[in-house]
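# Observations on the model geometry
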Amino acid sequence: MSAMSRAIRAFGGGAASRRNLSVAASKEAPALAAAAAVVAGRRGGRDPGEDGSRVQWVFLGCPGVGKGTYAGRLSRLLGVPHIATGDLVRDALASQDPLYKQLAEIVNHGKLVSDEIIINLLSKRLEEGEEKGELGFILDGFPRTIRQAEILEGVTDIDLVINLKLREEALLAKCIGRRKCSQCGGNFNVASIDIEGQNGGPRMYMPPLLPPPECESKLITRADDTEEVVKERLRVYHDLCEPVEDFYRARGKLLEFNLPGGIPESWPKLLQALNIEDPDNKRSAAA
Ligand SMILES: Nc1ncnc2c1ncn2[C@@H]1O[C@H](COP(=O)(O)OP(=O)(O)O)[C@@H](O)[C@H]1O
């Protein structure tokens, strides 16, 4: 079991108290010091380590903003695991594990599941990754409360938090338009978003991301992507998750990124903001 998964479990598990947290942290001191040294080594820039070991990033942002899309792309590009707690929750629901049966009620009403359950799922996922020799991570959907952020801060050093922002009008449409192919797992979006510019700014156009014909009959919609539940998730985000933005802003770790439009427009700009060379430009320059 990795130092981080062990410590995070000790921190969040059951009736964990602040005292338990410090005990766990001091036990993990050598591993934490090593992690801090790695982090300190890359403080000057955002140049990820070649083996991915230097990437310990978090994605924040409202439901529908595209955390999963951009975290997934960066994870493939940098060779570090993309760990989305929403996916862990959905896998737990699908497993029919009696322990998680009551979760559906919470998730399908747009509420957050308890910190304890999330910490449990996350530590399990980190342990599995450790067994496979995974290094680094891009977290998506965690931390979502100040307590989760404090727990994470107690066990490891996060060196970058990317806060994705998108105009509110687009978020609801993007969530409702989300589709997944039940066979290949591909993610699509049937929403076509075209919003007037604000204060003389440019128009925002996000074309739909339509599935190929072979996926069309196999599309599924998440049970929590209905208008009513998305509105509740947005409300929960503003109440409980926005303070997490402030938590990282105060620590100088927050990179705010306003999505200018769809993936073709936003992806190169995000890479630029992260100081990562765009592999597509590199390829066309080499051609
Ligand atoms: N860190 C977390 N803490 C509590 N609940 C979580 C967490 N991550 C995911 N969940 C649960 O899983 C649901 C889906 O999460 P996610 O896929 O990240 O959705 P979203 O599109 O709202 O960002 C959330 O509405 C919540 O019920």
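Higher on the page you've got the structure.
Throughout what follows, the structure given in this document is the object of discussion. (Residues numbered from 1 in each chain as written. Predicted model: local features only at pLDDT ≥ 70, side-chain atom pairs only at ≥ 80, totals over all residues. Heavy atoms only, no water.)

Turning our attention to the overall build of the chain. If you tally the helices and strands in the chain, you get twelve helices and ten strands. By residue count, 46% of the 287 residues in the chain fall in the buried class. Sequence separation of 24 or more characterises 72% of the internal contacts of the chain that already satisfy a separation of 6 or more. Accessible area of the chain: about 14400 Å², with a carbon and sulfur share of 52%. (Helix = DSSP H or I, 4+ residues; strand = E, 2+ residues; numbered from the N terminus. Buried < 20%, exposed > 50% of the residue type's maximum accessible area, 1.4 Å probe, protein only. Contact = heavy atoms within 4.5 Å. Areas by Shrake-Rupley, 256 points an atom, 1.4 Å probe, with all protein chains shown as cover.)

This part is about the environment of Leu112. Following the sequence through the fold, Leu112 ends up in the loop between helix 6 (103–107) and helix 7 (115–131). Sequence-distant contacts of Leu112, that is, excluding residues within four places in its chain, are made with Ile106, Arg144, Thr145, Val236 and Leu240.

To continue, consider the sheet that holds strand 9 (residues 219–220). One open sheet accounts for three strands, arranged 6-5-9; its pairing is antiparallel. The open sheet is flanked by strand 6 (187–189) and strand 9, the only strands paired with a single partner. Bridge analysis of strand 5 (residues 178–181) against strand 9 gives two bridges, and the strand direction is antiparallel. In the strand pairing of strand 9, Lys180 is matched with Ile220. Against the sheet, helix 9 (residues 168–176) contacts strand 5 and strand 6, and its axis sits at roughly 30 degrees relative to strand 5. (Pairing = 2+ DSSP bridges. Axes fitted to C-alpha atoms, helices over the stretch in contact; angles between N-to-C directions.)

Moving on, we get to the packing of aromatic side chains. Scanning the entire structure with this criterion turns up one aromatic pair. Pairing Phe247 with Tyr248 gives two aromatic rings, centres 5.1 Å apart and planes at 85 degrees, and the pair type is edge-to-face. Residue classification places Phe247 among the buried positions, given a relative accessible area of 8%. Between Arg251 and the ring centre of Phe247, over which it is positioned, the NZ or CZ distance is 3.6 Å. (Phe/Tyr/Trp six-rings, centres within 6.5 Å; stacked < 30°, edge-to-face > 60°. Lys NZ or Arg CZ within 6 Å of the ring centre and 35° of its normal.)

Attention now goes to the packing of helix 8 (residues 146–155) against helix 10 (residues 227–250). One can describe the packing of helix 8 onto helix 10 by two numbers: an axis separation of 9 Å at closest approach and a directional angle of 35 degrees. Together, Ile146, Ala149, Glu150, Leu152 and Glu153 of helix 8 and Pro243, Val244, Phe247 and Tyr248 of helix 10 make up the contact between the two elements. Across the contact of helix 8 with helix 10, the residue classes tally to seven nonpolar, no polar and two charged. (Nonpolar A, V, L, I, M, F, W, Y, C, P; charged D, E, K, R; others polar.)

So, on to the site of the ligand. Among the 18 residues in the neighbourhood of the ligand, the closest are listed as Lys67, Thr85, Lys111, Gly141 and Arg233. Between an oxygen atom of the ligand and a side-chain N or O atom of Arg222, the distance comes to 3.3 Å. For the ligand, whose unbound accessible area comes to 560 Å², protein coverage reaches 96%. The biggest single contributor to the shell around the ligand is helix 5 (residues 85–94), with three residues. Broken down by class, the residue content of the shell around the ligand amounts to six nonpolar, four polar and eight charged. (Near = heavy atom within 4 Å. Polar contact = N/O pair within 3.5 Å; in protein donor to acceptor, adjacent residues only side chain to side chain.)

Strand order in the open sheet formed by five strands is 2-3-1-4-10, with parallel pairing between adjacent strands. The open sheet has two edge strands with one neighbour each: strand 2 (82–84) and strand 10 (254–258). Each neighbouring strand pair of the sheet contributes to a mean axis angle of 20 degrees, computed without reference to strand direction. Bridging between strand 1 (residues 56–60) and strand 3 (residues 137–140) involves four bridges; their strand directions are parallel. By the bridge assignment, Phe59 is partnered in strand 3 with Asp140. Helix-sheet contacts for helix 10 involve strand 1, strand 4 (160–165) and strand 10, and the interaxial angle to strand 4 is about 135 degrees. Here helix 11 (residues 263–273) sits on the sheet and contacts strand 4 and strand 10; the angle it forms with strand 10, its principal contact strand, is near 155 degrees.

The tendency in soluble globular proteins is for nonpolar side chains to be buried side by side. Core analysis: the biggest nonpolar cluster contains 65 residues, and Trp57, Leu74, Leu152, Ile162, Tyr248 and Leu274 have the highest contact counts within it. Here the element with the most residues in this core is helix 10; it accounts for seven residues. (Core = buried A, V, L, I, M, F, W, Y, C linked by side-chain atoms within 4.5 Å.)

Glancing now at the packing of helix 5 against helix 7. The interhelical angle for the contact between helix 5 and helix 7, taken along N-to-C directions, is 95 degrees, at an axis separation of 10 Å. Judged by the angle between their axes, helix 5 and helix 7 are roughly perpendicular. Of helix 7, the residues touching helix 5 (which contributes Thr85, Leu88, Val89 and Ala92) are Ile118, Leu121, Leu122 and Arg125. Along the lines of polarity and charge, the residues of the contact of helix 5 with helix 7 split into six nonpolar, one polar and one charged. (Parallel < 35°, antiparallel > 145°, perpendicular 65-115°, else oblique.)

Those residues of helix 9 that sit buried are Ala170, Leu171, Lys174 and Cys175. Each buried residue of helix 9 lies within a common arc of 125 degrees when the element is viewed along its axis, so the set occupies one face. The inward-facing, buried residues of helix 9 contact strand 5, strand 6, strand 7 (193–195), strand 8 (204–206) and helix 10. (Arc of directions from axis to C-beta.)

Time to look at unusual backbone geometry. With an omega of 0 degrees, the peptide bond running from Phe142 to Pro143 counts as cis. Residue placement: Pro143 occurs in the loop between strand 3 and helix 8. Positive phi is not limited to glycine here, since Asn275 has a value of about 65 degrees. Considering the arrangement of structural elements, one finds Asn275 in the loop between helix 11 and helix 12 (279–286). Asn275 sits in the exposed class, given a relative accessible area of 58%.

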